[in-house]
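Analysis of the macromolecular model
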Amino acid sequence: MPIVLKCHRGIGPAVTGTALVADDNFSARYDLDRLKGIFSRPAHKLHGQSYVGKVLVLVTAKGGVASAWMLHEMASRGLAPKAIVFDRTNTILAQGAAFADLTLVDRFEAGDPTRLIRTGDEIEIDPAEGRVTILNRG
Amino acid sequence: MRLDDEAQAMLAGEAGPVRQWAIRHQIAVGEFFDAPDFVPVGQAHIMADTESLGEAGVRWLEGLAAQPVEQRRVRIPTITDPRGLDFNSYKRLRQTEAMAEIEARAIRAFEALGVLMTNTCINYQTILPPVRGEHLAFGDTGVVIYSNSVLGARSNFEGGPSALAAGLTGRTPRYGFHLDVHRAGTRHFALRCRPRGLADWGALGGIVGRATNSYWEVPVVTGLAQQPSSDELKHFGAALASFGSVALFHMPGITPEAPTPEAAFGGRPVPEPTAIAGEDIAAFYAGYDAKGDKVDVVVFAAPQLSLLEMQKVADLLDGRRVREGTSLIVATSPEIKSAADRMGLTQRIEGAGGIVAAGVCFYQSYAREMAEANGWTRLLTNSAKLVNIIGGYGYKPTLASMERCVDSAVAGRIL
């Protein structure tokens, strides 16, 4: 049975992908090796893992205004995540997603999505409807 | 979102494709954050170093710059954050000709849009300080938190594309810290110690930032037994924004929107505080400690140094020499660099073996490539913001006072 999660209206196109989940945060500048497409900050819970083509599910966006350009730059090289799901984003990632036309949603009715979605879940995101559907538990 | 006639016209393309892109981008962001309408802004400040722009971003800017002049010029004063490279020091830092070329292209494009290349993250000290209540579209988290908190201005963290959009339309969506409802304190921290020096203030910002950890929380710090300076609050705010994504803090009796603790919490009851003691600051330093290690590079930056910080670095280096095998880099704004040149500070720092770079801030300057080209791993700095950021670029950072940083640079190892 698909599990439907309601969230705030989001940004970007509807997409389906595999979730990569952590009880941690996100900054393109601080956390990533954007040339290799992996999390590179040693203290990050996804350290060493590839984010390319994944639906990242994280708690919040951290400092670093640069992420607003970096999503666009990462997408231009085909090394971007497929979508980002936050409990609550800061302004930068929302602006960056709008600039890059990357799918981004946050503010879930059922609470923190890092506790609702598991790594490996196949999920469908519909930003215009404010809806995330877990199609298959990973 | 409610759009006035001018915004409707821009959306319809009547002011050309550049302003049409800008207003569309702003509406997408505004609707995401439930903005009711737009608010006019006095200045825009763009973070757009070439490392984060990349080829894709520079080409996109060049596309805007190729539009007719009356359609592409910004409508309000629009200035820039530090760049990816300083043409006068990049060779000494082993940055490449390719980096210099893409930098020159980005500058040409911004100048064609009417953007002033101030290249600074201390514009509130050196260009035009914001005024209380002034709505702004500022990039750079350190600039925003200082302007909001210390000066009482109103800005969200505006990423480069959004700040440029605000420059082109003269407005920004009214959400977040433009609204009174988001400006009241939500967390209470009580200081039980006296921070000494800029690194301590940065450590304090890091501690409050880690504990707060959200753009939408507003920490209130009480219990200050001393009057902080602009540079101390600069380091406190920059670290708080970096560690916690925080954009506004209050210090009752010091910051303008908080004459009292009650006012800081918007008239709501003042919550029980989380205490911060001397041991907490010591533990913060200990988390990055590497006493005895060889130090590859000592960096004073993040934020760029004020003229007074430049003087202190020069004083500490007088009569001494940075050890062979260790680099010492100071990053400041072009205005301060020019003053430091005139006052002999640059000569004193460089005479002792340091490098003074202008219009850059180290971490926005291809830090990973610089590390590889120069063989740098162990980095020492008095900037808590920098120790937070630079680990992601493959460095091992240590935090210390400016004095200990200089002593270590001279010794070639962490003292």
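Residues numbered from 1 in each chain as written. Chains lettered and ligands numbered in written order. Predicted model: local features only at pLDDT ≥ 70, side-chain atom pairs only at ≥ 80, totals over all residues. Heavy atoms only, no water.

**Structural notes on helix α13 (residues 307-317) of chain B**
Residue and element names in this part refer to chain B. Basically, it comes down to this: When accessible area is computed with a 1.4 Å probe and restricted to protein chains, residues below 20% of their type maximum are described as buried, those above 50% as exposed, and intermediate ones as partly exposed. In DSSP terms, a helix is any run of H or I states spanning at least four residues, a strand is any run of E spanning at least two, and both are numbered starting from the N terminus. What the arc covers is the set of directions going from the helix axis to the C-beta atoms.
Taken together, the buried positions of α13 are E309, M310, V313, A314 and L317. The buried residues of α13 occupy an angular sector of 140° when the element is viewed end-on, so they sit on one face. The first or second residue beyond α13 is G319, which carries a positive phi of 75°.

**As for the pattern of salt bridges**
All names here are of chain B. Operational definition: Criterion for a salt bridge: a side-chain nitrogen of Lys or Arg within 4 Å of a carboxyl oxygen of Asp or Glu.
Taken as a whole, this structure holds 33 salt bridges over all chains when the rule is applied. In this structure, E55 engages R105 in a salt bridge whose closest nitrogen and oxygen atoms are separated by 3.1 Å. Taken together, the residues span a long stretch of sequence, with E55 in helix α3 (residues 50-65) and R105 in helix α5 (residues 97-112) at a distance of 50 residues. The residue D407 makes a salt bridge to R320 at a minimum N-O spacing of 2.8 Å. Here the residue D407 occupies a position in helix α18 (residues 402-411), and R320 occupies one in the loop between α13 and β10 (327-332), the gap between them amounting to 87 residues. Because the salt bridges share partners, they merge into one network encompassing D4, E6, R75 and R171.

**Section: the sheet that holds strand β13 (residues 396-399) of chain B**
Residue and element names in this part refer to chain B. To keep things clear, this is the line we draw: The pairing criterion is simple: DSSP has to find at least two bridges between the two strands. Note on definitions: angles span 0 to 180 degrees between N-to-C directions of axes, and those axes are lines fitted to C-alpha atoms, for helices only across the stretch in contact. Note on contacts: a residue pair qualifies if any of its non-hydrogen atoms lie within 4.5 Å across the two residues.
The strand order across the open sheet built from five strands is β11-β10-β9-β12-β13, with neighbouring strands paired in parallel fashion. Bordering the open sheet on either side are β11 (355-358) and β13, each of which pairs with just one other strand. On average, each strand axis in the sheet is inclined to that of its neighbour by 25°, with strand direction left out of account. Inspection of the sheet shows β10 paired to β11 by four bridges, in the parallel sense. Within the sheet, the bridge partner assigned to I329 lies in β11 and is I355. Along the sheet, α13 makes contact with β9 (297-305), β10 and β11, crossing β9 at roughly 160°.

**Details of the side chain of A:T60**
Note the following rule: Polar contact is the term for a pair of N or O atoms within 3.5 Å; when the atoms are in protein, one must be able to donate a hydrogen and the other to accept it, and sequence-neighboring residues count only if both atoms are side-chain atoms.
Its location among the elements puts A:T60 in strand β5 (residues 55-60). According to the relative accessible area criterion, A:T60 is buried, its value standing at 6%. In this structure the side chain of A:T60 is engaged in a polar contact, spanning 2.7 Å, whose partner is the backbone oxygen of A:R88. In this structure, A:T60 is in contact with A:D24, A:N25, A:F26, A:F86, A:R88, A:T89, A:N90 and B:N213, ignoring residues within four places of it in sequence.

**Points about the environment of B:A400**
All names here are of chain B. Here A400 is to be found in the loop between β13 and α18. Residue A400 is classed as buried on the basis of its relative accessible area of 1%. In this structure the C-alpha to C-alpha distance between A400 and L113, which are 287 residues apart in sequence, comes to 41 Å. Apart from the residues within four sequence positions on either side, A400 is in contact with A199, Y285, L380, T381, N382 and C405.

**Observations concerning the interface of chain B and chain A**
Accessible area lost during the coming together of the parts is what is often quoted as the interface size. The test is simple: By definition, the buried area sums, over both parts, the 1.4 Å-probe accessible area that each loses when the two are put together. Ten residue types, Ala, Val, Leu, Ile, Met, Phe, Trp, Tyr, Cys and Pro, are classed as nonpolar, four, Asp, Glu, Lys and Arg, as charged, and the remainder, Gly among them, as polar.
Tallying the contact residues gives 47 residues for chain B and 39 residues for chain A. When chain B packs against chain A, close to 3300 Å² is buried across both sides, 61% of that on carbon and sulfur atoms. For the interface between chain B and chain A, the tally reads four salt bridges. Taking the shortest distance from any N to any O, the salt bridge between B:R368 and A:D33 comes out at 3.9 Å. Counting residues per element, the ones that place at least two in the side of chain B that touches chain A are α2 (17-32), α3, α8 (160-169), α10 (230-244), α16 (367-374) and α17 (384-390) of chain B. In terms of residues, the side of chain B that touches chain A owes the most to one element, α3(B), which gives eight residues. For the side of chain B that touches chain A, the residue count by class is 21 nonpolar, 18 polar and eight charged.

**Quick notes on the nonpolar core**
Put simply, the rule is: Take the buried residues of types Ala, Val, Leu, Ile, Met, Phe, Trp, Tyr and Cys, join any two whose side-chain atoms come within 4.5 Å, and each joined set is a nonpolar core.
Ranked by internal contacts, the top residues of the largest apolar core, which has 159 residues, are A:F26, B:F300, B:F362 and B:Y395. The biggest single contributor to this core is α5(B), with eight residues. Other than its neighbours up to four places away in sequence, A:F26 contacts A:D31, A:L32, A:F39, A:L56, A:L58, A:T60, A:A61, A:K62, A:I84, A:F86 and A:L93.

**Description of the domain arrangement of chain B**
Residue and element names in this part refer to chain B. Selection rule: An automatic or database domain assignment supplies the residue ranges for each domain.
The domains assigned to chain B are domain 1 (5-177), domain 2 (184-285) and domain 3 (290-411). Centre-to-centre, using C-alpha coordinates, domain 2 lies 26 Å away from domain 3. Contacts between domain 2 and domain 3 engage 13 residues on the former and 16 residues on the latter. Between domain 2 and domain 3 the total buried area reaches about 1100 Å² when both faces are included, carbon and sulfur atoms providing 64% of it. At the junction of domain 2 and domain 3, the tally comes to one salt bridge. Taking the shortest distance from any N to any O, the salt bridge between E309 and K234 comes out at 2.5 Å.

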